[in-house]
Amino acid sequence: MAGELTLSPVMSDALVILGAAGIVIPVFARFRITPIIGFILIGILVGPYGLGAMVERHEWLYWVTISDPDRLTPFADFGIILLLFAIGLELSFNRLWQLRKLVFGLGSLELLIIGSISAMFFGYYSGMSNTAALALGFALAFSSTAIVLPISGTKSPVGRAALSMLLFEDIMIVPIIFILGALAPNAQDGGVAGLTTTLIQGGIVIAVLLVAGRFALPRLFGQAARTKSPELFLAASLLVVIGASLATSVAGLSPIVGALIAGLLIAETEYHGEVETIMEPFKGLALGVFLITIGMSIDLTDIWRNLGEITVAVIGVLVFKAIVTGTLLRMMGARKSTAAETGVLMASPSETSLIVLAAATSALVIDEDTAQFWEVVTAIGLTVTPLLARLGRVIARRVEPTPDLAEEEREEARTIIVGGGRVGRMVADMMTVHDQPYIMLDSNPDLIDQAKRDGYRATFGDAARGQALSRLGLANAPAIVLTMDEPVLAQRLVGKLRVNHPDLLIVARARDTDHAAALYRAGASHAVPETLESSLQLSEAALVNIGVAMGPVIASIHEKRDQYREQIEVKGGLNAKPKLRTSSLSPEDG
């Protein structure tokens, strides 16, 4: 029938996911609980082992369940890619270089020790072959990048330690899978040769990405910024991350390696903050899809049948990994609180564990029943990771009640100057004269490029987006100075700032007295009408130089300024006359 709407399974799944996001995010935020748990619980509820198993008896459940989790796999994989891309945006190559000792020191020790000891345990007590024990040991040694980093961040001591170990684990995914293929009972010499070929091809692709990205990305995002089109910025961002992921995939590496490199390259440009802001909603939603798929893999009835064995396995893995990770951190000089919190946070297995188990099963290294048992253990471990994070913080406070705040966690209190034109530069110059830290923000890439060349501390971003100011440390800023010549935007921005930051000092450039009054009504602390002051100074210069005595001229200027102050007071609904000039120039302006 013409015009009849048929809802495909993909559309039905999309409605379920969007509905879940609409319920989980606000409800769990209301109770200050991470939505990670909510998404996993939704996956359990609507998945094939939950309400999805009842679709045949109750057909209406088809519209609120997901019967085929495999359809969501590409979206879940894309969520992990976006997560690694966002991590790269936060890092930059300089910061990654600073973490090199942790990545290749702590990261390698953590993976090798946990994997080796686990393999020996499984080989000795479970009677597994050496190959199967190695596969299972290293599968469980991985921790979840997708869940841990959103909880820990990357700037705190716990976040830096977790990031270092997770980066090394991500690097080792491909070699471990290749090694499993080489050790498989039916493997030929092609496994080792394939690994060598992949490493060579991957190295070439990474080198090409690094070189091309250095030259191409600033130009690409510069052109996108000049159009002032968020859609084009989003398209350019997706083009870069998907292109880099495809390139590393074609070379045989994991697509998340390409996503991480793309983020690192963009982090070196002036546009990283804007890219991060635009991509944030997509990353969060895609990550939610991944977490829903994790919940769908949990069969509560199977867990109940094997409750004792699964409980022992989950607790054993968590305790063992927490002890090893925490001990390694203490040996490398970390604080007791940092070691304890990081150890507990990194204790659960990973989504990568599922990938390694699947690869080992397909290579006939591990039998299907064993793999299925440990997949359930991994899914439960992923589910309880947010609870482990809370437990880690509690233990950290008990171990070391008053840890010092790391320098990296203390955001510099600096004045934010919105606008990189002549007025913004003048304000920045005065800040420099008086040794006051500042950061200049503008959405014009040409102004920012020129300002940086001239030695100003400037960055690209759209102040109309609240995230752009937040990432610059607005919460700790002593003041924000709005210097752009856009009256409507300035008034709207002042209103938003005053609502969200009642105590913030907001100094705004006004076009005239009417605009100044509007800015005061919106919540500005000070509004300076530039046409008024320039007109009065022009009048003073003209009158004095045509022979009028200085005294009467100064008195008339003060009188005229006072009249304008009264106008602004009345129109702006103020309780007192505003300052139009500093009180040191004239007692009347106090």
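Procedures and definitions
Residues numbered from 1 in each chain as written. Predicted model: local features only at pLDDT ≥ 70, side-chain atom pairs only at ≥ 80, totals over all residues. Heavy atoms only, no water. Salt bridge = Lys/Arg side-chain N within 4 Å of Asp/Glu carboxyl O. Helix = DSSP H or I, 4+ residues; strand = E, 2+ residues; numbered from the N terminus. Buried < 20%, exposed > 50% of the residue type's maximum accessible area, 1.4 Å probe, protein only. Contact = heavy atoms within 4.5 Å. Core = buried A, V, L, I, M, F, W, Y, C linked by side-chain atoms within 4.5 Å. Expected span 1.5 Å × (residues − 1). Pairing = 2+ DSSP bridges. Axes fitted to C-alpha atoms, helices over the stretch in contact; angles between N-to-C directions.

## Details of the pattern of salt bridges
Then comes step 1: Taken as a whole and assessed by the stated rule, the structure comprises four salt bridges.
Then comes step 2: With its nearest N and O atoms 2.9 Å apart, the salt bridge here joins Asp 454 to Arg 425. Taken together, the residues Asp 454 in the loop between α19 (445-453) and β3 (458-460) and Arg 425 in helix α18 (residues 422-433) connect sequence positions 29 residues apart.
Then comes step 3: Here Arg 511 ties to Asp 485 by a salt bridge, and the two come within 2.8 Å at their closest N and O atoms. Of the two residues, Arg 511 sits in the loop between β5 (505-510) and α22 (513-522) while Asp 485 sits in the loop between β4 (479-482) and α21 (487-500), which places them 26 residues apart along the sequence.
Then comes step 4: What makes Asp 485 partly exposed here is its relative accessible area of 42%.

## Overview of the environment of Leu 61
Then comes step 1: Counting through the fold element by element, Leu 61 comes out in the loop between α2 (35-46) and α3 (73-98).
Then comes step 2: Leu 61 gets classed as buried once you look at its relative accessible area, which sits at 4%.
Then comes step 3: The spacing of Leu 61 and Leu 51 is ten residues in sequence and 7.1 Å in space, taken between C-alpha atoms.
Then comes step 4: Excluding residues that lie within four positions of it along the chain, Leu 61 makes contacts with Leu 51, Met 54 and Val 55.

## A word on the nonpolar core
Then comes step 1: With 118 residues, the main nonpolar core has Phe 85, Phe 221, Phe 233, Ile 366 and Trp 374 as its most contacted residues.
Then comes step 2: When sequence neighbours within four positions are dropped, the list of residues in contact with Ile 366 reads Ala 132, Ala 135, Leu 136, Leu 357, Ala 360, Thr 361 and Ala 371.
Then comes step 3: Among the nonpolar cores identified, the runner-up in size contains 25 residues, and Ile 439, Leu 472, Ala 516 and Tyr 520 belong to it.

## What to know about unusual backbone geometry
Then comes step 1: You will see that Asp 435, though not glycine, has its phi angle at about 55°, which is positive.
Then comes step 2: Take Asp 435: it is sitting in the loop between α18 and β2 (438-442).

## Thoughts on helix α14 (residues 336-345)
Every α-helix carries 3.6 residues per turn, so stepping three or four residues along brings you back to the same face.
Then comes step 1: Burial runs high along α14: nine of the ten residues are buried.
Then comes step 2: Residues Ser 337, Thr 338, Ala 339, Ala 340, Glu 341, Thr 342, Gly 343, Val 344 and Leu 345 constitute the buried set of α14.

## Observations regarding helix α10 (residues 255-267)
Then comes step 1: Over its 13 residues, α10 runs 19 Å from end to end, which matches the ideal 18 Å to within 8%, given 1.5 Å per residue.
Then comes step 2: Three or more residues of α10 are buried, namely Ile 256, Gly 258, Ala 259, Leu 260, Ile 261, Ala 262, Gly 263, Leu 264, Leu 265, Ile 266 and Ala 267.

## Some remarks on the sheet that holds β5
Then comes step 1: The parallel open sheet is built from six strands, whose spatial order is β3-β2-β1-β4-β5-β6. Looking along the sheet, the strands with just one partner apiece sit at the ends: β3 and β6 (526-529). For this sheet the average axis-to-axis angle between neighbouring strands, irrespective of direction, equals 20°.
Then comes step 2: Bridging between β2 and β3 involves three bridges; their strand directions are parallel. Looking at the pairing, Leu 441 lines up with Thr 459 of β3.

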